[in-house]
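Analysis of the macromolecular model
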Amino acid sequence: MSRVKGLRARIADATENRRVVRAVHRATWHKVDARVAALGKLRHAEELRARAARIRQHTLENLPRYLEQFVERAESLGARVHFAPDAAAACRIITDLARTQGLKLAVKGKSMTSEEIRLNEALEAVGVRVVETDLGEFIVQIDHDRPSHIITPIIHKDRREVAHAMARELGCEYTEDPTEMTKIARRYLRDIFRHCDLGITGVNFAVAETGTLCLLTNEGNGRMTITRPRVHVALLGIEKIIPRLADLPVLLKLLARSSTGQPMGVYTTLINGPKRPGDVDGPEELHVVLLDNGRSDILTGPLPEVLLCVRCGACLNACPAYRNIGGHAYNSVYPGPIGSLLSPLLYGHAYDELPRASSLCGACRLACPVKIDIPDLLIRLRALTRDRQPWSKRVLMRAWGRAMQIPWFYRLGQSLLREFLPDNGEGWSERGPGPLKDWTASRDLLRPQALSFRRLWEEELHDER
Ligand code: SF4
């Protein structure tokens, strides 16, 4: 098994790949502009964001009650609800279902939760073929790649790369025409839809009041995945519950605008149980797998606000770090600012570095439709994982903290920096010594001024007197 590279090495790899950096830059800026324009046209956008935040906050504060209500309503509509405490249990529930019912071909809608539990691998291990039906996820699958964005899985690919993958893996004629490529994928997937017997989707929101599942897609593949196979499995993270049907429009108005700048997702599907007598389509069986997988611990831990997230991806697009390194450098299903919080909380110590890979500029906070204060959470998570940092770093930071509290020591540090930081002639240093070497490798450092702010201030006071 190949060893996973450290964060620094992954960032270095990512920034060297100019093609990926260009593709991610272009796409994320486009989405940022589209989001700003779409929200600009929405009346009372700020009030709506505040309402959405309140709905999510209220839900989390009353989650056990709403979960119970959802289970009762969904079962009364004919769904079977399973509770999965962790990823292994969720995979077991779904693979057992496939095995006992002899299901062999699964079509799948886009679902980050299924990526989180590595469902495809589990199903393939018991002989079920899984075919992704979201176009981006389909490309990722045939190219043996990984998604790099929670909404736009192939944000790191350009059309040439997609064209090569399609020609190589599907045996079709090489074309870089997006319309032609979409038609090829469509033809391929139509045949799969004809023969599939299991449909798997994620869920955007589940309404406790009515037992309704809400699913947003842009390609209509979600509807085909739900209605065509005999059995439908909806994989639902427990935090995706909302209390009332009336809460849904508030969140829907913000979700698509924040994700892609669209006023609405192209297809909004509401699922109320399996097919009933007289229905023309729908699955004969609907199974809802309620996934915990660490969410209860997050909810009762010091950073429950992380679970307010509605997975719109806006914070990824807004983040300058994400834009420069892309999603793969995070080495997690959940990249970007929200991934830097979720990954350590869900997967543990191996992701301790991620909260530190942020400039804390606050662009993510401004972009978030449910007003999650991501920079504040990142700082709090850094503090919680401080004891697991290398001792050299801890000693250095403690010394720095102390020094900042001793005025004469601070002044001495300033003078030393002025003395030893090379000047590029414009008051900046491009090559710092010792611990400043890494910092100045990718950015310049402003040299301390001859007359410090403190001295200026003192002189000002002196003159006034
Ligand atoms: S944290 Fe906010 S902006 Fe980021 S994905 Fe979640 S809801 Fe969207």
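Within any chain, residue numbers begin from 1 and follow the written order of that chain's sequence. Per-residue local features are limited, in this predicted model, to residues with pLDDT of at least 70; the limit for side-chain atom pairs, both in listing and counting, is 80 or more; totals at the level of whole chains, interfaces and linings are taken over all residues. Just so you know, side-chain values use all the structure's heavy atoms and leave hydrogens and water out.

**Here's the deal with the sheet that holds strand 9 (residues 267–271)**
The strand order across the open sheet formed by four strands is 8-5-6-9, and the pairing between neighbours is mixed. Of all the strands in the sheet, the pair left with one neighbour each is strand 8 (241–242) and strand 9. If DSSP finds at least two bridges between two strands, the strands pair. Per the convention used, a helix needs a DSSP run of H or I reaching at least four residues, while a strand needs a run of E reaching at least two, with both numbered from the N terminus. Pairing of strand 6 (residues 212–217) with strand 9 involves five bridges; the strand directions are antiparallel. When the sheet's bridge partners are listed, Cys 214 is paired in strand 9 with Leu 270.

**As for a nonpolar patch on the surface**
On the surface, Ile 406, Trp 408, Phe 409, Leu 412, Leu 416 and Phe 420 cluster together into a nonpolar patch covering about 610 Å² of accessible area. Positionally, Phe 420 belongs in helix 20 (residues 407–420). Each patch groups residues whose relative accessible area exceeds 30% and which form no salt bridge, using 9 Å between like charges and 5 Å between nonpolar side chains of Val, Leu, Ile, Met, Phe, Trp and Tyr. Each accessible area value is a Shrake-Rupley result obtained with a 1.4 Å probe; residue values ignore everything except the protein chains displayed when judging cover. Throughout this description, the term salt bridge denotes a Lys or Arg side-chain nitrogen within 4 Å of a carboxyl oxygen of Asp or Glu.

**Quick look at the site of the ligand**
If you check the shell around the ligand, you find 14 residues, and the closest are Cys 309, Cys 312, Gly 313, Cys 315 and Cys 368. Only Asp, Glu, Lys and Arg are considered charged, only Ala, Val, Leu, Ile, Met, Phe, Trp, Tyr, Cys and Pro nonpolar, and every remaining residue, Gly among them, polar. When the residues that make up the shell around the ligand are grouped by side-chain class, the tally is 12 nonpolar, one polar and one charged. When at least one non-hydrogen atom of a residue lies within 4 Å of a molecule or strand, that residue is treated as near it.

**Observations concerning the sheet that holds strand 4 (residues 198–201)**
If you walk across this open sheet you meet the six strands as 1-10-7-4-2-3, and the pairing is parallel. Edge positions in the open sheet fall to strand 1 (80–84) and strand 3 (129–132), since each of these has one partner strand only. Pairs of neighbouring strands in the sheet enclose a mean axial angle of 20°, with direction left out of account. Strand direction decides the pairing type here: strand 4 and strand 7 (residues 231–237), joined by four bridges, are parallel. Along strand 7, the bridge assignment pairs Gly 199 with His 232. The sheet strands contacting helix 10 (residues 178–195) are strand 2 (105–108) and strand 3, and the helix crosses strand 3 at an angle near 135°. Axis definition: a line fitted to C-alpha atoms, limited for helices to the stretch in contact. Angles are taken between N-to-C directions and run from 0 to 180 degrees. Here, residues are in contact when the closest pair of their heavy atoms is within 4.5 Å.

**As for helix 18 (residues 374–384)**
Turning to helix 18, its buried residues number three or more, namely Ile 374, Pro 375, Leu 377, Leu 378 and Leu 381. Along helix 18, the residues classed as buried sweep out an arc of 160° about the axis, all on the same side. Against the buried residues of helix 18 lie helix 14 (314–318), helix 16 (336–347) and helix 17 (363–367). Using a 1.4 Å probe on the protein chains alone, a residue whose accessible area is under 20% of its type maximum counts as buried, one over 50% counts as exposed, and one in between counts as partly exposed. In this description, the arc belongs to the directions extending from the helix axis to the C-beta atoms.

**A closer look at the pairing of strand 7**
For strand 7, a buried count of seven out of seven residues is recorded, marking the element as mostly surrounded by other parts of the structure. Neither face of strand 7 is exposed, since Val 231, Val 233, Leu 235 and Gly 237 on one face and His 232, Ala 234 and Leu 236 on the opposite face are all buried. Bridging between strand 7 and strand 10 (residues 285–291) involves seven bridges; their strand directions are parallel. Along strand 10, the bridge assignment pairs Val 233 with His 287.

**A look at the domain arrangement of the protein**
Many descriptions give the size of an interface as the accessible area lost when the pieces come together. The assigned domain composition of the protein is domain 1 (7–296) and domain 2 (391–464). Residue ranges for the domains trace back to a domain assignment, done automatically or taken from a database. Taken over C-alpha atoms, the centre of domain 1 sits 49 Å from the centre of domain 2.

**Focus: the packing of helix 3 (residues 45–61) against helix 4 (residues 63–76)**
As a packed pair, helix 3 and helix 4 sit with axes 5 Å apart at the nearest point and diverge in direction by 85°. Between helix 3 and helix 4, the crossing angle belongs to the class labelled roughly perpendicular. Residue-level inspection shows His 58, Thr 59, Leu 60 and Glu 61 of helix 3 in contact with helix 4, the latter providing Leu 63, Arg 65 and Tyr 66. The class makeup of the residues in the contact of helix 3 with helix 4 is three nonpolar, two polar and two charged. Working rule for angles: under 35 degrees goes down as roughly parallel, over 145 as roughly antiparallel, 65 to 115 as roughly perpendicular, anything else as oblique.

**Observations concerning the pattern of salt bridges**
It is possible for side chains of opposite charge to pair when their charged atoms get near one another. Across all of its chains, the model carries 27 salt bridges by this definition. Here Glu 121 and Arg 118 are joined by a salt bridge, their closest N and O atoms 3.2 Å apart. Bridged by salt links that share partners, the residues Arg 19, Asp 143, Asp 145, Lys 157, Asp 158, Glu 161, Arg 168 and Glu 169 form one connected network.

**Considering the packing of aromatic side chains**
Any pair of Phe, Tyr and Trp rings, taking the six-membered ring for Trp, is counted once the centres come within 6.5 Å. Such a pair is stacked with planes under 30 degrees apart, edge-to-face with planes over 60 apart, and tilted for the rest. Summed over the entire model, instances satisfying the criterion amount to five aromatic pairs. With 5.6 Å between their ring centres and 45° between their planes, Tyr 347 and Tyr 351 make a pair best called tilted. Taking the relative accessible area as the measure of exposure, Tyr 347 reaches 30% and is therefore partly exposed. Lying over the aromatic face of Tyr 66, Arg 65 brings its terminal NZ or CZ to 4.7 Å of the ring centre. Two conditions define a charge located above a ring, namely a distance within 6 Å from the ring centre to NZ of Lys or CZ of Arg, and an angle within 35 degrees of the ring normal.

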